[in-house]
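Observations on chain architecture
Chain residues, written in single-letter form:
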Amino acid sequence: MKKYVITGKKPLKGTVSISGSKNAALPLLAASLLTNEDVTLHNMPVLRDTETMIELLAMLGKKVIVENEKVVIKSTGEKKYKATYDIVKQMRASIVVLGPLLARYKKAHVSLPGGCAFGPRPVDLHLKGLEALGATICMKHGYIDAVANPLVGGRFNMMGEFGTSVLGTDNIAMAATLAKGSTIIENAAREPETEDLMHMLTAMGAKISGIGTSILTIEGVKELHGCEYTIIPDRIEAGTFAIIAAATGSQISLKYNRPEHLEPLLDLFKECGIGSSYKNGVLTITGKNPASYKPFKITTLPYPGFPTDMQSLVMVLGCVAPGISFISEGIYPNRFNHVPEFNRMGANIEVDQNTAIMKECVGLQGATVQASDLRAGASLVIAALCAEGKSEVRRVYHIERGYEDFVAKLKKIGASIREAKDTLI
Ligand code: EPU
């Protein structure tokens, strides 16, 4: 196993290139199952999760050629429709092959994802949505067994107890592209990653209206064709480096051309007194001494609300800013596994139900901490960059699932970070 060794409080400065979006890339890769023709994707991030999805596509009868950030997906003519437990347990997002398999091969056998580090993550909306399109679904031996008899257009409301589901919307929309008749998805996810998928499906010949809104209407077509498509840049990676600039009081420029996707974070920065500017594809964050920042109060919500994937990251800001800040989780009420690790670094955070209360602390101190999931891991790296002295962040395999060249990008802006072998489990 690997760990990161970080010495905090180093001045950071420079430019970071933001990679393609992980959460857009995964459903876009799955969409290639909807056609026999070649699909070429550009700006593919090189990550553990995209590698896992490519492995899954190969299991499902695709031949995938990877040339750096370009991926070409070809058909081998084999019709395979089983996503095994081995692969789904590595990555929950594998569930997003369910809709395309059902649409294309009329049946799918996909392992149920197991537990998740940040609480229960059901897939009931995915299944009910596919049933609304005429699929028959049953659970057998830990697998979802789905049959299309055939798929017909229907109406489905994606609203669950904690809002809409991103991958649920993606699954139903992909199934609907090849269903007979028209489908309406109400309360569809409006996340930029879902919007990106809808644009790619349109490039493949799908008939979709309402893209980017909460009502998607999909007119089924007989078949979809191949396409060449460029994945949007990763807003969560951009947000991560933006928060690094803010929390360490540094000026960092991001080669990132979709600042509109970062609006909830940039609005928060404005409220706290952190400057940002955008010009010609470059977003610059000008951090100041965090002692000058105002405390804040946010709630994570589906897009365009504040993203849950930045909740742990922005918590570092709440720790270094004076006063009391509040972060409420509106999507995953238990996504707070990073809090005890932050407190070991000298933070003063209490969790009351779905709200974390960050009280002023005397300063973060380096410590040995461990990542419990991808974003929690990245937040510990940010905390370590702000902390006095040396930290070791363990279980960094979580971080490597979703951040391309994280260590190299951090070194380039002056961070003192190195990878080391971790003998402990
Ligand atoms: N939900 C249900 N029933 C369902 C599906 C979801 O009740 O059938 C609930 C969940 O319990 C949760 C909410 O709906 O409260 C949204 O969760 P969901 O499981 O639908 O999220 P997702 O679509 O599987 C994507 C991202 C996550 C991100 C969430 C929320 C990908 C690959 N993953 O997951 O990203 O946190 O949306 O924005 O797109 C990450 O990148 O670190 C990550 C976890």
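Everything here concerns the structure above.
Predicted model, so just to flag it, every value in this text is computed and none were measured.

Rules behind the numbers
Residues numbered from 1 in each chain as written. Predicted model: local features only at pLDDT ≥ 70, side-chain atom pairs only at ≥ 80, totals over all residues. Heavy atoms only, no water. Pairing = 2+ DSSP bridges. Helix = DSSP H or I, 4+ residues; strand = E, 2+ residues; numbered from the N terminus. Axes fitted to C-alpha atoms, helices over the stretch in contact; angles between N-to-C directions. Parallel < 35°, antiparallel > 145°, perpendicular 65-115°, else oblique. Left-handed = near helix turned anticlockwise from the far one by under 90°. Contact = heavy atoms within 4.5 Å. Nonpolar A, V, L, I, M, F, W, Y, C, P; charged D, E, K, R; others polar. Near = heavy atom within 4 Å. Polar contact = N/O pair within 3.5 Å; in protein donor to acceptor, adjacent residues only side chain to side chain. Areas by Shrake-Rupley, 256 points an atom, 1.4 Å probe, with all protein chains shown as cover. Salt bridge = Lys/Arg side-chain N within 4 Å of Asp/Glu carboxyl O. Buried < 20%, exposed > 50% of the residue type's maximum accessible area, 1.4 Å probe, protein only.

With respect to the sheet that holds strand β23 (residues 390–394)
In spatial order, the strands read β22-β23-β1-β24; together these four strands make up an open sheet with mixed pairing. Each having just a single partner strand, β22 (368–370) and β24 (416–421) make up the two edges of the open sheet. With strand direction ignored, the average angle separating the axes of adjacent strands in the sheet is 25 degrees. Pairing geometry for β22 and β23, over three bridges, is parallel. Bridging across to β23, Gln-370 finds its partner in Arg-394.

Details of unusual backbone geometry
Backbone torsion omega between Asn-149 and Pro-150 reads -20 degrees, so that peptide bond is classified as cis. Relative to the elements of secondary structure, Pro-150 occurs in the loop between β9 (143–148) and β10 (155–157). Put simply, Tyr-303 and Pro-304 share a cis peptide bond, and its omega is 10 degrees. With respect to the helices and strands, Pro-304 occurs in the loop between β18 (297–300) and α10 (311–320). Backbone geometry at Lys-9 places phi at a positive 65 degrees, although glycine is not the residue there. Here Lys-9 lies in the loop between β1 (2–7) and β2 (13–17).

A word on the packing of helix α1 (residues 22–31) against helix α7 (residues 192–203)
Where α1 contacts α7, the axes come no closer than 9 Å and their chain directions differ by 30 degrees. Considered as vectors, α1 and α7 are oriented roughly parallel to each other. Considering the relative orientation of α1 and α7, their crossing is right-handed. Mapping the contact onto sequence places Asn-23, Ala-24, Pro-27, Leu-28 and Ala-31 in α1 and Glu-193, Asp-196, Leu-197, Met-200 and Leu-201 in α7. Looking at the contact of α1 with α7 residue by residue, the classes come out as seven nonpolar, one polar and two charged.

What to know about the site of the ligand
For the ligand, the set of nearby residues contains 23 residues, the closest of which are Asp-124, Leu-125, Ser-165, Asp-309 and Ile-331. Within the side chain of Ser-165, one N or O atom sits 2.6 Å away from an oxygen atom of the ligand. Within the contact set of the ligand, an oxygen atom lies 3.0 Å away from a side-chain nitrogen or oxygen of Tyr-332. Coverage of the ligand by the protein chains reaches 92% of its 810 Å² of free accessible surface. Of all the secondary-structure elements, those providing two or more residues to the shell around the ligand are α1, α5 (124–132), α6 (166–177) and α12 (374–386). Looking at the shell around the ligand, the element that brings in the most residues is α5, giving three residues. Across the shell around the ligand, the residue classes tally to twelve nonpolar, five polar and six charged.

Focus: the pattern of salt bridges
Taken as a whole, this structure holds 20 salt bridges when the rule is applied. The salt bridge partner of Glu-51 is Arg-48, with a shortest N-O separation of 3.1 Å. Pair noted here: Glu-51 and Arg-48 are both in helix α2 (residues 48–59), with a separation of three residues, about one helical turn. On the basis of relative accessibility, which here comes to 39%, the residue Glu-51 falls in the partly exposed class. In this structure, Glu-55 and Arg-48 form a salt bridge, with 3.8 Å as the shortest nitrogen-oxygen distance. The class of Arg-48 is partly exposed, set by a relative accessible area of 35%.

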